[in-house]
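The residues making up each chain are set out below.
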Amino acid sequence: TNTFFILLLDGGQLPLALGYGVLPLTILYFLKNSIWFSFWMVILSFLDIRLLYIVGIILFIYLLTELILRQTVNFKKIFIIFTLSLIALVGIHAYWILPALLSKSPQLPQTYERVHQVDFLSFSTLTHSMLLLQPHWYTNTFGKITQPQGWFIIIPLLALALPLLKRRDKTTGFWLLVALVGIFLSKGSNEPLPEVNSF
């Protein structure tokens, strides 16, 4: 329930808001090595297919931390779950994938390929990202950026205080790493390292 989620509801983007609500459930079923992961991936793809990228980033971080910290990953089970999910996703979305492959699909506008579009749409600064503050809060006016206010630090401090309470918990370390990567990516092409998002 951060400012981004509230502004999604305010802006009428209910499928995207529901998608962000379903995303943790999707990750949970993956961590449980459950076949329900495929079902929730399909639901997530219908709500907003872009959220599959976020799931992919989180699962990549998970597999990387598992390999580094535990050195034991059940690749066979993960391969089966990913294969079933891919079959389900392609099967459900075949109604638009097949015509796009078999016919000359319409081209995206040329502006979608321009790198400077990333700069144009990067409103969030690193401070906004660390405070979990949507840059258009609270007026929800496109392009009108709110300056971060100090009292927004309360929720991030509560969230990031958990590692201090559970120092040797690997799961907490994993979610802390996901939070740090999310904070970095959500700042867009603003400093530091603006070329990463442009890439």
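Our subject is the structure that appears above.
Throughout, residues of each chain are indexed from 1 in the direction in which the sequence is written. Local features in a predicted model are, by the rule used here, given only for residues with pLDDT of at least 70; side-chain atom pairs are given and counted only at 80 or more, and totals for whole chains, interfaces and linings are based on all residues. Water and hydrogen atoms were dropped before computing side-chain values, which therefore reflect all heavy atoms in the structure.

(A) Structural detail: the overall build of the protein. Starting at the N terminus, helices and strands are each numbered in turn, a helix being any DSSP run of H or I of at least four residues and a strand any DSSP run of E of at least two. Of the regular secondary structure elements, the protein holds twelve helices and zero strands. Along the protein, helices (α) and strands (β) appear in the sequence α-α-α-α-α-α-α-α-α-α-α-α when read from the amino end. Of all intrachain contacts in the protein linking residues separated by at least 6 positions in sequence, the fraction that spans at least 24 positions is 56%. Where accessible areas are quoted, they stem from the Shrake-Rupley method and a 1.4 Å probe; at the residue level, only the protein chains shown are allowed to cover. Total accessible area on the protein stands at roughly 13500 Å², and carbon and sulfur atoms take up 70% of it. In this description, contact between two residues means that some pair of their heavy atoms is separated by no more than 4.5 Å.

(B) Looking closely at the environment of Y29. One can find Y29 in helix 2 (residues 14-31). With relative accessibility at 23%, the residue Y29 sits in the partly exposed group. Spatially, the C-alpha atom of Y29 lies 31 Å from that of A100, the residues being 71 residues apart in sequence. Exposure classes here rest on a 1.4 Å probe applied to the protein chains alone. A residue is buried below 20% of its type maximum, exposed above 50%, and partly exposed in between.

(C) Inspection of the nonpolar core at higher detail. Buried Ala, Val, Leu, Ile, Met, Phe, Trp, Tyr and Cys residues that are joined via side-chain atoms within 4.5 Å together make up what is termed a nonpolar core. Formed by 26 residues in total, the largest nonpolar core has its most connected members in L23, F30, F37, L44 and V55. Listing elements by their share of this core, those giving two or more residues are helix 2, helix 3 (36-47), helix 4 (51-69), helix 5 (75-92) and helix 11 (170-186). Element by element, the count of residues in this core is highest for helix 4, at eight residues. Discounting chain neighbours no more than four positions away, the residues touching F37 are T26, Y29, F30, V55, L59, I81, F82 and S85.

(D) Spotlight on the pattern of salt bridges. Salt bridge, as used here: a side-chain nitrogen of Lys or Arg that lies within 4 Å of a carboxyl oxygen of Asp or Glu. Evaluated as defined, the whole model comprises one salt bridge. In this structure, D48 engages R50 in a salt bridge whose closest nitrogen and oxygen atoms are separated by 2.6 Å. With relative accessibility at 54%, the residue R50 sits in the exposed group.

(E) Molecular detail of the packing of aromatic side chains. Two aromatic rings from Phe, Tyr or Trp, using only the six-membered ring of Trp, form a pair when their centres are within 6.5 Å; if the ring planes differ by under 30 degrees the pair is stacked, by over 60 it is edge-to-face, and anything between is tilted. Summed over the entire model, instances satisfying the criterion amount to eight aromatic pairs. With a centroid separation of 5.8 Å and 90 degrees between ring planes, the pair formed by F30 and Y62 is classed as edge-to-face. In this pair, F30 sits in helix 2 while Y62 sits in helix 4, placing the two residues 32 residues apart along the sequence. Given the relative accessible area of 18%, Y62 is considered buried.

(F) Quick look at a nonpolar patch on the surface. Only residues whose relative accessible area exceeds 30% and that form no salt bridge enter a patch; like-charged residues are grouped when within 9 Å of one another, and nonpolar side chains (Val, Leu, Ile, Met, Phe, Trp, Tyr) when within 5 Å. Where nonpolar side chains cluster on the molecular surface, the patch consists of I35, W36, F39, F79, I80, L84 and I87 and spans about 730 Å² of accessible area. Among the elements that take part in the nonpolar patch, helix 5 stands out by supplying four residues, more than any other. By the element assignment, I87 lies in helix 5.

(G) Focus on the packing of helix 1 (residues 3-10) against helix 2. Note on method: axes are straight lines fitted to C-alpha atoms, helices fitted across the in-contact stretch only, with angles between N-to-C directions ranging 0 to 180 degrees. Where helix 1 contacts helix 2, the two axes come as close as 8 Å, and the packing angle between them is 145 degrees. Considering how the two elements wind past one another, helix 1 and helix 2 form a crossing that is left-handed. Here F4, F5, L8 and L9 of helix 1 lie close against helix 2, whose contacting residues are L14, L16, A17 and Y20. Each crossing is labelled by how the near helix is turned from the far one, with a counterclockwise turn of less than a right angle marking it left-handed and a clockwise turn marking it right-handed.

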